[in-house]
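Listed here are the chains, written in short residue letters.
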Amino acid sequence: MLTVALHALRTRWSTFLGTFVALSLGVALLAVMGLTLASSLDAPKRQPERFTTAPVVVQGQNTLSVPISIGGHVSRETRKLAHPHAVPETTVAKLKRLGRVVPDRSFPVRAEGAPRDLVGHPWSTAAFAPYKIAEGRAPRTRDEVVVTGGWTHPGDRLRTDHGTVRVVGTVPSRGFETAVFYSDARAAELSPQSTQLVVEAEAQDVREAVEGEVVHVLTGSARRLADPDPDRDREALTAVNALFGTAGGVTAFVSVFVVASTFAFSVAQRRREFGLLRTAGATPGQIRRTVCAEALLVGVLASATGCVLGVYGAPRLADRVVDVGLAPDWFTVGDSKWPYHMAFWTGLLVALLGVVAASWRAGRTSPAQALREASVDAGAMTRGRLLFGAGLLLTAAAMPALALISDPGELLHRKTYVSHPMLLITAVALLAPVLVRPLTRLFVWLPAHLPGAGGMLVRENASAGVRRTAAVAAPVLVTVALTGSLLGATATLNEAKATEARERTTADFVVVPTGNAGHGSHTGSHDTTATHAPTDAPTQNPGFDARTLRNLRTIPGTTVSATSSSAVYVLEDGVALIRSEARAGEPAALAVTTALPLAAGQVSNLDDQSIIVNEEWERHTVGQTVDVWLGDGTRKSLRIAAVMTTGTGDNGVYVTPANAPGAHVDRVDVTLAAGADPAVVAGALREAGGHVLTRDQWLRAGNPGTDRTTRYGFLLVLGIALLYTGISLANTMLMAASDRVRDLAVLRLAGATRRQVLRLVGAEALTVVAVGGVLGLLVTGLNLAGMRSALGLLSVHAPVRIPWPELGAVTGACAVLAMVFSVAPAAWALRRGAAELAGTRE
């Protein structure tokens, strides 16, 4: 059998070329994904940046640690506090007796013509990075600053959100921030609270001085925890893992899909060949082993080639993800060997899995097939294929149905709307022979009834060659279905979030601190992944000052609701400490300016001893008491005053300002009284201070969109799908071309011109692409229908968004590929005379 397989590969190399290319590219992609994942499993321990030369850094309480019990094992779970504590004054007094104490402060600065993400610090902390003056001198007065980098020079004036300042010096950038250094006195005015400080003393002495105090003493590499967002590398690598893990899964799926489709069509083409072998005495088992041996040989060669391609592709992909900002600057591909083993053996397994069904069908070929001349596909839908396809279709329908009953929010998760389409695609592809013939006849019904034989020939050729039609439609189905399902799911989810924001925001104006338009969220989310914001992050908004708030509250003809961002923490089931984003505001004003999606209770019931939660909480019945920790770590029992619907997951909790200690007002909602002039009120709001936006402007500024990592991930997935579609179309069309040579000759002998024949071939290709596109739309519709049902159960009534431009683009690309790879071989064959073509044999 191995000899026969080798002979088949040598004589039918064009038949296996597409499979080889598809499989080798799949293995290369798997190797690249595996190498990237292996390199992203562990982030190197980041060294201190702002405090490289600081002897000791002391932080106030900035974490909440709660005991949990899992399986009888008691441990502690820790979360960063939303509002960390300052180092107590008594502790500062003790530390000052040991040596110089330098308070650290970090606050955002926005300046015209300056880089984004400017962060302000007191000049006394610059020496610990260390920053050294390159030009000019240190700041001495309140309107003098020193900046990092070369984007400005001494003598320049900067208009900032803290007033106009003069640059008196510059320091070289150290790469991790773009800083503006003020005098210590001015920095203290701009950021009164200091949650950490540097002590110039021996570490042991510092630890002895603060023993028993609730503070953290950081020395050595632990000083990096005092830097802004010390866990950013780990978080970035988690996103990289998710991106390439998804791409790797899609690659494996599409590889199996394309290889299986190619082998199935190849076996259908070679039925006469297998019939001759059966006539010569070959047993069904020998036929199956021959087909499997061919797949094994192709798999070994393709997998080895793919691993070699992976060696060259992985470093380039790593450089690319760094260039676009998806991975840290230090990210490179390591020298792990397991990704190559994984990719090679996966490729081999894909080849064998792809040929299993085809080999079984090949073994069932009877000797009489050697005498068969008809090209009509009989029995294209086998009983096993029908049962398996129907089973997968029922499974694909049952999974979202169960989720809708138990947890509708599960259908809104990315892992669900990425994996579920694959199941549906497989089911529809298996059932395609049942659907191809009626769809084909539907599409060409009108052309078939017009004068001329073109429409009728397209209809009959596509209907007669069901296997060929299904094999060409399958990759189009994959591409269209993935495009519609992935992009449609994210667009629908974004539209649902935008709908929630529109329904919740009833204020006529929204005022935010200067330079912060569009950066605030409407409310927090119940974060089931327990992620947390970094302490002292430079992007934290210091909020409105007291004078501005007084001015805003005294504007006549308005109801003003000043709210602040905070957080609460709850221990669910005794095993998980969950952080839930919170918004704090006065109940009476909140009820006028905001329409919360309440399932029970009233906003007016909120007071200092209560909380508004959402239905995701373990306890969510009005009147129940829940034990929570506030944003500063204070434990408190609060009564549930009202319950919001779950929504898309962005419905956090609401508390009064008394239960948000340390939070600063960062948003003011303003509702006009009856008869108030909007223009007059808007002018008064601008004079009071802050950035004033109308309701529509606020909603546009905060309009949800797909984050960059998800967008790049989907582009990668769809690029892989489109690449495989091209390979599969080229391979299938080229394989089918040899079978159609005599058909084309008959048309020429019947009087058709060369141009008419090519038009017929192109029309067939477009018809088949249309069939694949409709099947892809069917899968898209089923997936989005499940998501729409889930949103309805979660009390979000938003329309489904189908990405028509993207669907049109990928369908058009498939049409172009199908036209090229069908018309080009036909044009090449028609170079010979009709009589010569008619005598061509396989």
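Residues numbered from 1 in each chain as written. Predicted model: local features only at pLDDT ≥ 70, side-chain atom pairs only at ≥ 80, totals over all residues. Heavy atoms only, no water.

1. Side note on the overall build of the chain
From N to C terminus, the chain includes 24 helices and 24 strands. Within the span of the chain, comprising 842 residues, buried residues form 50% of the whole. Restricting to contacts in the chain with at least 6 residues of sequence separation, those with at least 24 account for 81%. As displayed, the chain has an accessible area near 36600 Å², and 58% of this comes from carbon and sulfur atoms. (Helix = DSSP H or I, 4+ residues; strand = E, 2+ residues; numbered from the N terminus. Buried < 20%, exposed > 50% of the residue type's maximum accessible area, 1.4 Å probe, protein only. Contact = heavy atoms within 4.5 Å. Areas by Shrake-Rupley, 256 points an atom, 1.4 Å probe, with all protein chains shown as cover.)

2. Comments concerning a nonpolar patch on the surface
Taken together, the side chains of Leu777, Val800, Ile802 and Trp804 present a nonpolar region at the surface, about 340 Å² in accessible area. By secondary structure assignment, the location of Leu777 is in helix 22 (residues 754–793). Residue class for Leu777 comes out partly exposed when judged on its relative accessible area of 35%. (Patch = residues over 30% accessible without salt bridge, like charges linked within 9 Å, V, L, I, M, F, W, Y side chains within 5 Å. Salt bridge = Lys/Arg side-chain N within 4 Å of Asp/Glu carboxyl O.)

3. Focus on the packing of aromatic side chains
On inspection of all chains with the given rule, the structure shows 5 aromatic pairs. Ring geometry for Tyr131 versus Phe176: centroids 6.4 Å apart, planes at 45°, classification tilted. Here Tyr131, found in the loop between strand 6 (118–122) and strand 7 (135–136), pairs with Phe176, found in the loop between strand 10 (163–171) and strand 11 (178–182); they are 45 residues apart in sequence, far enough to count as distant. With 5.1 Å between their ring centres and 85° between their planes, Phe344 and Trp345 make a pair best called edge-to-face. (Phe/Tyr/Trp six-rings, centres within 6.5 Å; stacked < 30°, edge-to-face > 60°.)

4. Notes on the pairing of strand 1 (residues 56–60)
In terms of burial, strand 1 is largely enclosed, as 5 of its 5 residues are buried. Residues of strand 1 alternate between two faces, with Val56, Val58 and Gly60 on one and Val57 and Gln59 on the opposite face, all of them buried. Both strand 1 and strand 12 (residues 196–199) contribute to a ladder of 4 bridges, which runs antiparallel. Bridging across to strand 12, Val57 finds its partner in Val198. (Pairing = 2+ DSSP bridges.)

5. So, the nonpolar core
Counting residues in hydrophobic clusters, the biggest one holds 77 residues, and the most contacted among them are Ile425 and Leu477. A total of 14 residues in this core trace back to one element, the largest contributor, which is helix 15 (residues 466–504). For Leu477, the residues in contact, after removing those within four places along its chain, are Ile425, Val428, Ala429, Gly772, Leu775, Gly776 and Val779. (Core = buried A, V, L, I, M, F, W, Y, C linked by side-chain atoms within 4.5 Å.)

6. A few points about the confidence of the model for the chain
On average, residues of the chain score 81 in pLDDT, and 83% of them are at 70 or above. Under a pLDDT of 50 for its full length, residues 517–540 has, in the predicted model, 73 contacts with residues more than four places off or in other chains. (pLDDT = per-residue confidence, 0-100.)

7. Structural notes on the environment of Leu35
The topology assignment puts Leu35 in helix 2 (residues 13–39). Look at Leu35 and you get buried, because its relative accessible area is 2%. As a C-alpha pair, Leu35 and Gly310 span 275 residues in sequence and 8.6 Å in three-dimensional space. Once residues within four sequence positions are removed from consideration, Leu35 is found in contact with Gly310, Ala314, Val333, Ser336, Pro339 and Tyr340.

8. Describing the environment of Leu243
Here Leu243 is to be found in helix 6 (residues 232–269). Under the relative-accessibility criterion, Leu243 is labelled buried at 7%. Separated by 473 residues in the primary sequence, Leu243 and Leu716 have C-alpha atoms spaced 8.7 Å apart.

9. Some points on the sheet that holds strand 1
Across the sheet, which stays open at both edges, the 4 strands sit in the order 4-12-1-13 with antiparallel pairing between neighbours. Each having just a single partner strand, strand 4 (101–104) and strand 13 (215–218) make up the two edges of the open sheet. Sheet twist, expressed as the mean angle between neighbouring strand axes with direction ignored, is 25°. On the sheet, helix 3 (residues 89–96) packs against strand 1, strand 4 and strand 12 and is oriented at approximately 15° with respect to strand 12. (Axes fitted to C-alpha atoms, helices over the stretch in contact; angles between N-to-C directions.)

10. Some details on the pattern of salt bridges
Counting across every chain of the model gives 18 salt bridges. Glu144 is paired through a salt bridge with Arg166; the nearest N and O atoms lie 3.1 Å apart. One end of the pair, Glu144, is in strand 8 (residues 144–148); the other, Arg166, is in strand 10, and 22 residues separate them in sequence. Within this structure, Arg137, Glu144 and Arg166 form a network of salt bridges that share partners.

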